[in-house]
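# Coordinates in review
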Amino acid sequence: MLPAPNESNAGSGAGEQHGSHETFPDHARTVRTHAGESIEDARNWPGIILVGIGIVTIALTLTAAGYGFAGWAVVAGVVSAVCVVAGVLVIVAEHRRIKAREGRRLRDAAGH
């Protein structure tokens, strides 16, 4: 149980024994070298967002095709393919950049 805020030992609870939460990676709570990299590293966010948009446009493609709008289905299909491919390329490029900074290749077994 954590102490109440007015107790003398406030701030010594289990949640605050990890150190600063702004250090990356958090070696106190993980043994993996890149745990949480995709969320922590802001350069991955455009890729994650593009993949999300691609998934949504796949649903739009199926909806347009189901209602018989062939033109819109083709447009949405092209947009979804471009978004998914671009998002994956951005994420892979960022992983390569991180690995290159460490002197490793993308296919090395350590980390991811």
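About the criteria used
- Residues numbered from 1 in each chain as written.
- Predicted model: local features only at pLDDT ≥ 70, side-chain atom pairs only at ≥ 80, totals over all residues.
- Heavy atoms only, no water.
- Helix = DSSP H or I, 4+ residues; strand = E, 2+ residues; numbered from the N terminus.
- Expected span 1.5 Å × (residues − 1).
- Buried < 20%, exposed > 50% of the residue type's maximum accessible area, 1.4 Å probe, protein only.
- Arc of directions from axis to C-beta.
- Contact = heavy atoms within 4.5 Å.
- Polar contact = N/O pair within 3.5 Å; in protein donor to acceptor, adjacent residues only side chain to side chain.

### So, helix α3 (residues 70-102)
The end-to-end C-alpha separation of α3 is 48 Å, in line with the 48 Å expected for 33 residues at 1.5 Å each. One or two positions beyond α3, positive phi appears at G103, with a value near 80 degrees.

### Comments concerning helix α2 (residues 45-66)
Spanning 22 residues, α2 covers 32 Å between terminal C-alpha atoms, matching the ideal 32 Å at 1.5 Å per step. When α2 is considered as a whole, its buried residues turn out to be G47, G54, T57, T61 and A64. All buried residues of α2 fall inside an arc of 90 degrees around its axis, so they share one side. What points out from α2, more than 90 degrees from its buried face, is the exposed set I49, I55, L62 and G66. Against α3 lie the buried residues of α2. G68 occupies a position one or two residues after α2 and carries a positive phi of about 90 degrees.

### A few points about the side chain of T61
The topology assignment puts T61 in helix α2. When its relative accessible area of 16% is taken as the criterion, T61 is described as buried. Here the side chain of T61 touches G77 through a polar contact of 3.1 Å, landing on its backbone nitrogen. With residues near it in sequence (within four places) discarded, T61 still touches A73, A76, G77 and S80.

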